[in-house]
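Close look at the chain arrangement
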Amino acid sequence: GSSVAPVVTDTHILDSATGTIAAIPVNGGVLASIVYGLPDAIGTALLPLDASLEPRGTVQRYPDWFGSDGTVARAPDGTLAFIGETTDIAAKLVSPDGVSLGAEHTVIDRTESAREPTITASDTGFLVTWSAGVTSPDEVHAEIFDKQLAAPVVAARIINPAPMFDGQTARASYATGPDRYLFTWWFKTSMSDEVWVSLRDGSLGEVRAVQLTKRGKFPKVIAGAKDFLVVWQDLDSASGLGAARVGFTGSAQPLIVSGSGGSMLAWDVVSRAGQPALIWFEDAATPTVWLDPLCN
């Protein structure tokens, strides 16, 4: 909505949870995706919560369904897609309450030996991104499916051709105005941890690939109205985070993430009304939550 939600603490929402995987805004609240474990079963639960983090529907449990932090995607028309690992990597449409709206569709075959699959909504349908373990080193792959997840509309592409090292924690974001995707990943060498991005058009044709740093890992990306914001764990910065703005033509501008001298505990990227921002938690003399738009 147009206002900041009240602070809510220590709200019990799920037993046997092993960690929050994703939370996406829906209907004035959020749909949270949480992996759960024993004693009940092992899988992923979708929890509809209101703005006060109170339940606004029944918890939907999906046994033997495993995802990463890109588990749920929301299309411009509000359609939600939920991806996870079953026998293959499958995706299905769900309601804002997390209820399945039909059969699951295989989006990545088990022969890909896929790691960390994520799903991203676009004007065309849904983009699926993963690290493929079929060859060595691992390649970053991506494929676009229609809005019903029934068929591919852009066949799978290799995002980091001829890699010398494993492409890890691949992430992607979509900017609807210019019809651009930005992919980001990192790889480890004997001397460095390199963060890369690849700017792609609506058919996944590469516009430009850029190395952002040789001293970072675990990048994330989110689109804004004017550019993409990429943030990663930085091995040298005082805050523990590095960042860059990447334009829709592939230009890259590094940014400094400043705190008050403490160490980084956790972080994520968010966007609202076309404004991307970094949110992070700093373990300083006074523990602090920062919401930083990292303006140019």
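Everything below is about the structure shown above.
An account of the accompanying structure is given in this report. Being a predicted model, the structure only gives us computed values, none of them experimental.

Comments concerning the overall build of the protein chain
When you go through the protein chain residue by residue, the secondary structure sums to 0 helices and 23 strands. Rg of the C-alpha trace for the protein chain: 19 Å, near the compact-globule value of 19 Å for 296 residues, within the 12% margin. Seen through its principal axes, the protein chain has C-alpha atoms that stretch 50 × 45 × 40 Å. In the protein chain, which comprises 296 residues, the share counted as buried stands at 48%. Considering only intrachain contacts with a sequence separation of at least 6, the fraction spanning at least 24 residues in the protein chain is 37%. Taken as a whole, the protein chain presents about 13,800 Å² of accessible surface, with 54% of it coming from carbon and sulfur.

Brief notes about the packing of aromatic side chains
The tally for this structure, following the rule as stated, stands at 9 aromatic pairs. Among the aromatic residues, those joined into a ring-pair cluster are Tyr62, Trp65 and Phe82. In this structure, Lys220 is placed above the aromatic ring of Trp267, and the distance from its NZ or CZ to the ring centre is 5.2 Å.

Re the side chain of Thr213
As for its placement among the helices and strands, Thr213 is situated in strand β16 (residues 206–213). Within the local environment of Thr213, its side chain forms a polar contact with the backbone nitrogen of Arg215, the two atoms lying 3.0 Å apart. Among all residues touching Thr213, those that are not within four sequence positions of it are Asp193, Glu194, Val195, Trp232 and Asp234.

A look at the nonpolar core
Of all hydrophobic cores here, the largest spans 18 residues; its most connected members are Ile83, Val107, Ile108, Ile119, Phe126, Val128 and Leu149. Mapped by element, the contributors of at least two residues to this core are β6 (80–85), β7 (89–94), β8 (105–108), β9 (114–121) and β10 (126–132). In terms of residue count, the dominant contributor to this core is β10 (4 residues). Residues in contact with Ile108, not counting those within four places in the same chain, are Asp88, Ile89, Ala114, Pro117, Val128 and Trp130. Membership of the second largest hydrophobic core comes to 16 residues, among which are Val195, Leu199, Ala223 and Ala244.

Here we look at the side chain of Ser33
Structurally, Ser33 can be placed in strand β2 (residues 29–36). Assessed through its relative accessible area of 1%, Ser33 is described here as buried. Those residues in contact with Ser33, other than ones at most four positions away along the chain, are Thr20, Ile21, Ala22, Thr44, Ala45, Leu46, Thr71, Val72 and Phe82.

A short note on a nonpolar patch on the surface
A cluster of nonpolar side chains, Leu38, Ile42 and Phe66, forms an exposed patch at the surface whose accessible area comes to about 280 Å². The residue Leu38 is located in the loop between β2 and β3 (43–49) in this model.

Considerations on the sheet that holds strand β21 (residues 263–272)
Spatial ordering of the open sheet is given by β21-β22-β23, a layout of 3 strands whose pairing is antiparallel. Here the strands that pair on one side only, and so sit at the sheet edges, are β21 and β23 (288–292). Looking at each pair of strands side by side, their axes are set apart by 20 degrees on average, direction ignored. In this sheet, strand β22 (residues 275–283) lies alongside β21 in antiparallel orientation, the contact comprising 9 bridges. Pairing of Ser271 across the sheet is with Pro276, part of β22.

Comments concerning the sheet that holds β7
With antiparallel pairing, 4 strands are arranged side by side in an open sheet as β5-β6-β7-β8. Pairing within the sheet leaves two strands with one partner each, and these edge strands are β5 (72–74) and β8. Direction aside, the axes of adjacent strands within the sheet are offset by 30 degrees on average.

Here's the deal with the environment of Gln60
Within the secondary structure, Gln60 sits in strand β4 (residues 60–63). Counting along the chain gives 201 residues from Gln60 to Gly261, while the straight-line C-alpha distance between them is 42 Å. Setting aside its immediate chain neighbours within four residues, Gln60 contacts Thr44, Ala45, Leu46, Asp97, Gly98 and Val99.

Quick notes on the environment of Ala273
Positionally, Ala273 belongs in the loop between β21 and β22. Residue Ala273 is classed as exposed on the basis of its relative accessible area of 76%.

A few points about the pairing of β10
With 7 of 7 residues buried, β10 lies mostly within the body of the structure. On β10, burial covers both faces: Phe126, Val128, Trp130 and Ala132 on one face and Leu127, Thr129 and Ser131 on the other are all buried. Bridge analysis of β9 against β10 gives 6 bridges, and the strand direction is antiparallel. Counterpart to Thr118 in the pairing with β10 is Thr129. Here β9 folds back onto β10 in antiparallel fashion, the turn holding 4 residues.

Thresholds, definitions, all that
- Residues numbered from 1 in each chain as written.
- Predicted model: local features only at pLDDT ≥ 70, side-chain atom pairs only at ≥ 80, totals over all residues.
- Heavy atoms only, no water.
- Helix = DSSP H or I, 4+ residues; strand = E, 2+ residues; numbered from the N terminus.
- Rg over C-alpha atoms; globule rule 2.2 N^0.38 Å.
- Buried < 20%, exposed > 50% of the residue type's maximum accessible area, 1.4 Å probe, protein only.
- Contact = heavy atoms within 4.5 Å.
- Areas by Shrake-Rupley, 256 points an atom, 1.4 Å probe, with all protein chains shown as cover.
- Phe/Tyr/Trp six-rings, centres within 6.5 Å; stacked < 30°, edge-to-face > 60°.
- Lys NZ or Arg CZ within 6 Å of the ring centre and 35° of its normal.
- Polar contact = N/O pair within 3.5 Å; in protein donor to acceptor, adjacent residues only side chain to side chain.
- Core = buried A, V, L, I, M, F, W, Y, C linked by side-chain atoms within 4.5 Å.
- Patch = residues over 30% accessible without salt bridge, like charges linked within 9 Å, V, L, I, M, F, W, Y side chains within 5 Å.
- Salt bridge = Lys/Arg side-chain N within 4 Å of Asp/Glu carboxyl O.
- Pairing = 2+ DSSP bridges.
- Axes fitted to C-alpha atoms, helices over the stretch in contact; angles between N-to-C directions.

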